[in-house]
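Chain residues, written in single-letter form:
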Amino acid sequence: MNYWLMKSEPEVYSIADLQQQSETIWDGIRNYQARNFLRQMDEGDLAFFYHSNTNSLGIAGLMRVVKKDIVDPTQFEPKSKYYDPKSSPEFPRWQTVVVEFVETFSNPILLSTLKEKFTAEELMVVKQGNRLSVMPVPEAVALKILAMKIS
């Protein structure tokens with residue numbers, strides 16, 4: 001099993017939205033490095049749900065990858081802000097995954113706490129200027145984060 005961190009603005013889609021829906025397609029990723037990380041995911045992998053662009057930046061909960069190698073349908077929808085006119089159903093450029101809700105952390109693990117505990121080499125999200133919305137989390141770091149939610 002691999003671990004990931006996936007960002008979403010809570011005003012757009014939050015951990016509470018995922019909990020209510022139980023599962024969702026993680027659509028709209030339009031960065032090639034993030035897309036490549038999505039392509040590396042396997043069913044059963046765990047991902048930290050990170051709330052971005054908010055006053056309480058940090059990990060809000062946990063989700064699990066339940067389907068992989070999904071073609072992102074928003075790339076074909078002309079009215080979508082994620083529309084890609086260079087993509088076609090025969091040769092889609094953007095793939096994603098379906099995730100399911102696992103849990104909401106009773107106390108979010110704030111970015112400030114993550115910066116105290118981890119270096120940029122250990123956890124990409126703490127690197128200054130990192131805007132990537134999907135990133136891997138090494139297992140040793142993931143286990144420490146999971147232990148932090150308990151304490």
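As the structure is a computational prediction, the values presented were derived from the model and not from experiment.

Visitor: Would you mind going over the layout of surface pockets with me for this structure?
Guide: Where empty space is left becomes clear once a probe the size of a water molecule has been rolled over the atoms. A volume near 910 Å³ is recorded for the largest pocket. What lines the largest pocket is a set of 30 residues, among which Lys7, Ser8, Glu9, Ser52 and Ser133 lie closest to the centre. Looking at the lining of the largest pocket residue by residue, the class counts come to 12 nonpolar, 10 polar and 8 charged.

Visitor: Sorry, what's going on with unusual backbone geometry here?
Guide: Negative phi is the rule for most residues except glycine; trans is the rule for most peptide bonds. The phi dihedral of Ser22 is positive, around 75 degrees, even though this residue is not glycine. Take Ser22: it is sitting in the loop between α1 (15-21) and β2 (23-25). Note on Ser22: relative accessible area 40%, which makes it partly exposed. The phi dihedral of Asn53 is positive, around 50 degrees, even though this residue is not glycine.

Visitor: Mind showing me how you'd approach the pattern of salt bridges here?
Guide: Side-chain pairs of opposite charge can arise where the charged atoms are in close proximity. According to the stated counting rule, one finds 5 salt bridges in the structure shown. Arg30 is the partner of Asp72 in a salt bridge, and the nearest nitrogen-oxygen pair spans 3.1 Å. Note that Asp72 is positioned in the loop between β4 (58-71) and β5 (95-110) and Arg30 in the loop between β2 and α2 (32-40), a separation of 42 residues in sequence.

Visitor: Looking at this structure, I do not really get helix α4 (residues 139-150). What am I missing?
Guide: Under the 1.5 Å per step criterion, the end-to-end length of α4 is 17 Å for 12 residues, consistent within 8% with the ideal 16 Å. Looking only at α4, the buried set comprises Val141, Ala142, Ile145, Leu146 and Met148. All buried residues of α4 lie within an arc of 155 degrees about the axis, which places them on one face of the element. Across from the buried face of α4, at angles greater than 90 degrees, the exposed residues are Ala140 and Ile150. Here the buried face of α4 lies against β1 (3-8), β3 (46-51), β4, β5, α3 (111-117) and β6 (134-137).

Visitor: Looking at this structure, I do not really get the packing of aromatic side chains. What am I missing?
Guide: One pair of aromatic rings is described through two measures. These are the centre distance and the angle between the planes. The full count for this structure, using the stated rule, is 3 aromatic pairs. Considering the side-chain rings of Trp26 and Phe49, the 5.4 Å spacing of their centres and the 85 degrees angle between planes classify their relative orientation as edge-to-face. Of this pair, Trp26 sits in the loop between β2 and α2 while Phe49 sits in strand β3; the two residues are 23 residues apart in sequence, bridging distant segments of the chain. Comparing Trp26 with Phe49 shows no difference in burial state: the two are buried. Lying over the aromatic face of Trp94, Arg35 brings its terminal NZ or CZ to 5.6 Å of the ring centre.

Visitor: Explanation requested: the nonpolar core in the structure shown.
Guide: One broad rule of soluble globular proteins: the nonpolar side chains tend to lie buried together. Ranked by internal contacts, the top residues of the largest apolar core, which has 42 residues, are Met6, Phe48, Leu114 and Ile145. Excluding its chain neighbours within four sequence positions, the residues that come into contact with Met6 are Trp26, Leu38, Met41, Ala47, Phe48, Phe49, Tyr50, Met63, Val97, Val99, Ser133 and Val134.

Visitor: Just checking my understanding: could you explain the pairing of β3 for this structure?
Guide: The two faces of the sheet receive side chains in turn, since in a regular strand these alternate between them. Among the 6 residues that make up β3, 6 are buried, leaving the element largely enclosed by the rest of the structure. Taking every second residue as pointing to the same face, both faces of β3 are buried, with Leu46, Phe48 and Tyr50 on one and Ala47, Phe49 and His51 on the other. One ladder, built from 6 bridges, connects β1 with β3; its direction is parallel. Its bridge partner lying in β3, Trp4 is registered against Ala47. Note that β3 and β4 share 6 bridges and pair antiparallel. Each residue of the ladder has a partner; that of His51, found in β4, is Gly58. Taking the residues between adjacent antiparallel strands as the criterion, β3 and β4 are bridged by 6 residues, where Asn53 takes a positive phi near 50 degrees.

Analysis parameters
- Residues numbered from 1 in each chain as written.
- Predicted model: local features only at pLDDT ≥ 70, side-chain atom pairs only at ≥ 80, totals over all residues.
- Heavy atoms only, no water.
- 1 Å grid on protein atoms, 1.4 Å probe; cavity = no way out; pocket = protein on both sides within 12 Å on 5 of 7 lines; lining within 4 Å.
- Points joined across faces, edges and corners; volume = space filled by probe spheres on them.
- Nonpolar A, V, L, I, M, F, W, Y, C, P; charged D, E, K, R; others polar.
- Helix = DSSP H or I, 4+ residues; strand = E, 2+ residues; numbered from the N terminus.
- Buried < 20%, exposed > 50% of the residue type's maximum accessible area, 1.4 Å probe, protein only.
- Salt bridge = Lys/Arg side-chain N within 4 Å of Asp/Glu carboxyl O.
- Expected span 1.5 Å × (residues − 1).
- Arc of directions from axis to C-beta.
- Contact = heavy atoms within 4.5 Å.
- Phe/Tyr/Trp six-rings, centres within 6.5 Å; stacked < 30°, edge-to-face > 60°.
- Lys NZ or Arg CZ within 6 Å of the ring centre and 35° of its normal.
- Core = buried A, V, L, I, M, F, W, Y, C linked by side-chain atoms within 4.5 Å.
- Pairing = 2+ DSSP bridges.

That is the geometry; function is a separate question.
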